[in-house]
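The lines below spell out each chain.
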Amino acid sequence: MRALLSARWVTLGVLCLVIAALPLVFPSSYYYRVAALVWISAIAAVGLNILMGYAGQVSLGHAGFLGIGAYAVAIGPARFGLNSWLCILLGALLSAALAWLVGRTILRLRGHYLAIATLGFGFLIALVLANEARWTGGPDGTPVARVSVAGFRLAGPVTWYWLSGALLALGTALALNLEDSSVGRALRALHDSEIAAALAGIDVARCKLWAFIIAAVYASVAGSMLALFDGFVTPDVASFLRSIDLVAMVVVGGIGSSAGSILGAGLLVTLPQFLTVFAEYEQIALGLIIMLVMIFLRRGIVPTAQQLFAPRRR
Amino acid sequence: MTKRFRLLPLLAAGAALTVATAAGERAVAQDIKIGSVLSATGPASFLGAPEEKTLRLYVDTINAEGGILGKKLVLVVYDDGGDPSKARTFAGRLVDEDRVTAMVGGTTSGTSLAMAPIFEDARVPFISLAGAVEIIEPVRKYVFKTPHTDRMACEKIFGDLKARGLVKIGMISGTDAFGKSMREQCLKVADKYGVTILADESYSAQDSDMTPQLTNIKNTPGIQAVVNPGFGQGPAIVTRDYRQIGVAVPLYESHGVASKSYIQLAGPAADGVRLPAAALLVAEQLPKDDAQRPVVVGYKQTYEKATGEPVSTFGGHAYDGLFILVDAMKRAGGADPTKVRDEIEKTTHFTGTGGMFNMSPTDHLGLDLSAFRMLEIRNGDWYLAQGDR
């Protein structure tokens, strides 16, 4: 138990250290922007990891929640004059409610029905965002009002680097702490054996539902951050490919590991930036790297590395 | 031990990447850097791919002829895949890392609108290749664009209707981005041309039968012509159904169908349809004294010879953007972004594939209605319509 606890603090400590130290090697504000995008994607990935790693379920429409969060901060302030921070909360609430609606019946079933349901859900959200042009601005997108704190306008990559970094640290801390809560313990039991967990008196469906709702809230907050950071949002934020990106981040980094999800987000966001030198072959190179990771590091980067460097005990 | 070896291929790949990146960033200080963020892949690639080919082709040509002001042009192209967030990241990279003099790109309205603030903040001129009128209205100091707007397409159609005395019309519009936006613009400018819209129908992009809507229009008394703002295969189905139920009045399509695939899909039903389109489609038919003729014929032949693909108006937008920029840099006598911006705004009598550009501090597009030609389809091909030079 003590070892587990310390491992948790190591993850968080390393994350905070990386966030604090990275700017020392950044030559221009472009790097801050890319890093901020990594932190924001990582928030969504850490959330999705709770669903995939503990509840053993996949959401193939998770970008739909990104879209809800993003459009909440776009539409709320512009149409209803609401405060942007309040809109992040409202977006998260709406996402949670939708996740509850979708998951409540689906998660009572065994097997990967949630993947199919969320697949449809994701497409539905993207369609609504593209077609309800009166509200969302249609396929061309809509501008997002800038936020300010005490008269200080939050704009520019450097500000958002620290803001998203802090939020990621908070999100990771919560995710790591979840392991020790009753829901977390139940989820872990469920991950080992669903039947055993059910026999031990755990409400399996309810636990999975909680994991799904938490994952939806993480994604919604990440979507809000992305929209506020970009200052502009299009229905592309909720596209199917982005959902796949999120799943890939969790899988490449290592299912069940928060650190892995952050590393996966880092890889998938920064790789396209490095690969531009390959011009037309960029997509091929990206696919090849992901394939190599999956072939040689089958359990994901972080769990494999942990196994490699962990002292052998027995 | 064996596990350690499994990491080797990855480490090797990482090392290769680092080397490649370092090599890619080597550029000579005296060169002039032009940036371009395009949607060369993804759903908008049919727009972005010809734009990229055009830019690469002509930058090579310019360099082979000695460059500009004795300096070589270096083109930095990034592919955003149609994703506005990616486009914005690459825009930041062009400004902060590559330090470009100007940017010609932005394939879709979404990516262009997302990138505009970055160039505005960095004071780097940005010539967009996307359609939406919102890119230049209200005017942003550093943002320009080359493609005509759908409002202009409507005005061209309504002008032709007015000249033919057909002012009571029916409209049938697609509900996609293109159809929606153009329908709105048409409603806005109808009064200006004394056009009355008696019927206003719509269809969704996936519909395979438009007979009910067209029957409604047919049964509206007093209709003298029908206009169809639409994009993709919808207009072809409208055209076929239109002939099938025997609507007798003239049919107008939009510039959204200005490609050979529309004629192929609609078949003989397309005969007699009129549409506004860029002069590029009828390059060889333009009169000998037409100012645009040498430009469009030259671009068409160069592009088709180099790529082996038929020319499209989208690549033409990139051609116009590049040469407006090149002319501005020549006039500015250097690559200072602010000076180049001032000169772009002073662009006058520039003849491109899209028409004659006359920009001003209040007009960052600078095209008028002469940018469009009224075409008529006869025997499966485009012809300049009667009464349009």
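The residue count restarts for each chain, going from 1 along the sequence in the order it is written. Here the convention is simple: chains get letters from A, ligands get numbers from 1, in the order in which they are written. Only residues with pLDDT of 70 or above have their local features reported here, since the model is predicted, and side-chain atom pairs are shown and tallied only from 80 upward, although totals for entire chains, interfaces and linings are computed over all residues. The side-chain numbers reported here are obtained from all heavy atoms of the structure, hydrogens and water having been left aside.

**Concerning the overall build of chain A**
Point 1. Strands are runs of DSSP state E lasting at least two residues, helices are runs of H or I lasting at least four, and both sets are numbered from the N terminus onward. When helices and strands are counted, chain A shows 14 helices and four strands.
Point 2. Counting only C-alpha atoms and orienting by the principal axes, one finds that chain A spans roughly 60 × 45 × 45 Å.
Point 3. In chain A, which comprises 314 residues, the share counted as buried stands at 54%.
Point 4. The contact rule is simple, with two residues in contact once any of their heavy atoms fall within 4.5 Å. Taking contacts inside chain A between residues at least 6 apart in sequence as the whole, the part at least 24 apart equals 78%.
Point 5. To measure how exposed things are, a 1.4 Å probe is used in the Shrake-Rupley method; for residues, cover is taken only from the protein chains shown. Here chain A displays about 14,400 Å² of accessible surface, and carbon together with sulfur accounts for 69% of that area.
Point 6. Taking the average place of the 20 positive charges on the side chains of chain A and the average place of its 12 negative ones, the gap between the two points comes to 10 Å. Between buried and exposed lies partly exposed: a residue is buried under 20% and exposed over 50% of the maximum accessible area for its type, with that area taken using a 1.4 Å probe on protein chains only. His is not counted here, nor are the chain ends, while Lys and Arg score as positive and Asp and Glu score as negative. Throughout, a charge is located at the NZ atom of Lys, the CZ atom of Arg, the CG atom of Asp or the CD atom of Glu.

**Quick word on the sheet that holds strand β5 (residues 143-145) of chain B**
Residue and element names in this part refer to chain B.
Point 1. Should DSSP find at least two bridges between two strands, the strands are taken to pair. Pairing in this open sheet of five strands is parallel, and the strands run β2-β1-β3-β4-β5 from one edge to the other. Looking at which strands have only one partner, the edges of the open sheet turn out to be β2 (73-79) and β5. When strand polarity is set aside, the average angle formed by the axes of neighbouring strands in this sheet is 25°.
Point 2. Sheet topology note: the strand β4 (residues 126-128)/β5 ladder contains three bridges and is parallel. Bridging across to β5, phenylalanine 126 finds its partner in valine 143.
Point 3. For helices, the axis comes from a line fit to the C-alpha atoms of the stretch in contact; other axes are also lines fit to C-alpha atoms, and the angle between any two N-to-C directions lies between 0 and 180 degrees. Across the sheet, helix α3 (residues 45-64) touches β1 (32-38), β2 and β3 (102-105), and the angle it forms with β2 is around 165°.

**Remarks on the interface of chain A and chain B**
Point 1. Taken together, the contact pairs 36 residues of chain A with 31 residues of chain B.
Point 2. For the chain A and chain B pair, buried surface summed over both sides reaches about 3,000 Å², with 61% attributable to carbon and sulfur atoms.
Point 3. By convention, the term buried area covers the 1.4 Å-probe accessible surface removed from two parts as they join, with the contributions of both added. Contact with chain B buries surface across chain A, with A:Tyr30, A:Phe296 and A:Leu308 losing the most and accounting together for 18% of the total.
Point 4. Between Lys or Arg on one side and Asp or Glu on the other, a salt bridge is scored when a side-chain nitrogen of the former is within 4 Å of a carboxyl oxygen of the latter. Counting across the chain A and chain B interface gives two salt bridges.
Point 5. Here a polar contact is taken to be a pair of N or O atoms separated by no more than 3.5 Å, where protein atoms must pair a possible hydrogen donor with a possible acceptor and residues adjacent in sequence count only if both atoms sit in side chains. Linking chain A with chain B are 11 residue pairs in polar contact (both at pLDDT 80 or more).
Point 6. Those elements that provide at least two residues to the side of chain A that touches chain B are α2 (29-54), α5 (113-131), α10 (204-230), α12 (258-274), α13 (282-296) and α14 (301-309) of chain A.
Point 7. Ranked by the residues each element gives to the side of chain A that touches chain B, the list is headed by α2(A), at six residues.
Point 8. For the side of chain A that touches chain B, a count of residues per class yields 22 nonpolar, eight polar and six charged. Here the nonpolar group is Ala, Val, Leu, Ile, Met, Phe, Trp, Tyr, Cys and Pro; Asp, Glu, Lys and Arg are the charged ones; every other residue, Gly included, is treated as polar.

**Focus: the state of the cysteines**
Residue and element names in this part refer to chain B.
Point 1. For the purposes of this analysis, a disulfide is any pair of cysteine sulfur atoms at a distance within 2.5 Å. Scanning all chains against the criterion turns up one disulfide over all chains.
Point 2. The side chain of cysteine 154 participates in a disulfide bridge whose partner is cysteine 186; the two sulfur atoms lie 1.9 Å from each other. On the sign convention where negative means left-handed, the S-S torsion of about -75° between cysteine 154 and cysteine 186 marks this disulfide as left-handed. Linking cysteine 154 in helix α6 (residues 150-163) with cysteine 186 in helix α7 (residues 177-189), this pair joins segments that are 32 residues apart in sequence. Residues cysteine 154 and cysteine 186 agree in their burial class; the two are buried.

**With respect to helix α7 (residues 157-178) of chain A**
Because each turn of an α-helix spans 3.6 residues, side chains separated by three or four positions end up pointing in the same direction.
Point 1. End to end, α7(A) covers 31 Å across 22 residues, agreeing with the expected 32 Å (1.5 Å per residue, within 8%).
Point 2. By the burial criterion, the buried members of α7(A) are A:Trp160, A:Tyr161, A:Ser164, A:Gly165, A:Leu168, A:Ala169, A:Gly171, A:Thr172, A:Ala173, A:Ala175, A:Leu176 and A:Leu178. By this rule the span expected of a helix is its residue count minus one, scaled by 1.5 Å.

**Observations concerning the packing of aromatic side chains**
Residues and elements named next belong to chain A.
Point 1. By convention, a stacked pair of Phe, Tyr or Trp rings (six-membered ring in the case of Trp) has centres within 6.5 Å and planes under 30 degrees apart, an edge-to-face pair has planes over 60 apart, and any other such pair is tilted. Summed over the entire model, instances satisfying the criterion amount to 22 aromatic pairs over all chains.
Point 2. Between phenylalanine 26 and tyrosine 32, the ring centres sit 5.1 Å apart and the planes meet at 75°, which makes this aromatic pair edge-to-face. Take phenylalanine 26 and tyrosine 32: they sit in the same class, and that class is buried.
Point 3. Centroid distance tryptophan 39 to tyrosine 161: 6.0 Å. Interplanar angle 55°. Geometry classified as tilted. You can see tryptophan 39 sitting in helix α2 and its partner tyrosine 161 sitting in helix α7, a full 122 residues away along the chain.

**Re the environment of B:Ala122**
All names here are of chain B.
Point 1. For alanine 122, the position within the fold is in helix α5 (residues 109-122).
Point 2. Judged by its relative accessible area of 30%, alanine 122 falls in the partly exposed class.
Point 3. When the C-alpha positions of alanine 122 and proline 337 are compared, they lie 9.6 Å apart, and in sequence the two are 215 residues distant.

**Some thoughts on the packing of α3(B) against helix α12 (residues 313-332) of chain B**
Residue and element names in this part refer to chain B.
Point 1. Running from N to C, α3 and α12 cross one another at 40°; their axes reach a closest spacing of 7 Å. Taken together, the axis directions place α3 and α12 in an arrangement best described as oblique. Viewed along their axes, α3 and α12 form a crossing whose handedness is right-handed. Contact with α3, carried on its side by Phe46, Leu47, Pro50, Glu51, Thr54, Leu55, Tyr58, Val59 and Ile62, involves Phe314, Gly315, Ala318, Tyr319, Leu322, Phe323 and Val326 of α12 and no other residues of that element.
Point 2. When grouped by side-chain class, the residues that make up the contact of α3 with α12 number 13 nonpolar, two polar and one charged. Roughly parallel here means an angle under 35 degrees, roughly antiparallel means over 145, roughly perpendicular means 65 to 115, and every remaining angle is called oblique. Two helices that cross are described as forming a left-handed crossing if the nearer one is turned anticlockwise from the farther one by less than a right angle, and a right-handed crossing if clockwise.

**What to know about the domain arrangement of chain B**
All names here are of chain B.
Point 1. Annotation comment: domain bounds sourced from an automatic or database domain assignment. Annotation of chain B at the domain level lists domain 1 (30-149 + 301-368) and domain 2 (150-283 + 372-384).
Point 2. Taken over C-alpha atoms, the centre of domain 1 sits 30 Å from the centre of domain 2.
Point 3. Taken residue by residue, the interface counts 13 residues in domain 1 and 11 residues in domain 2.
Point 4. With both chains or domains summed, domain 1 and domain 2 bury close to 1,000 Å², and 66% of this area falls on carbon and sulfur atoms.

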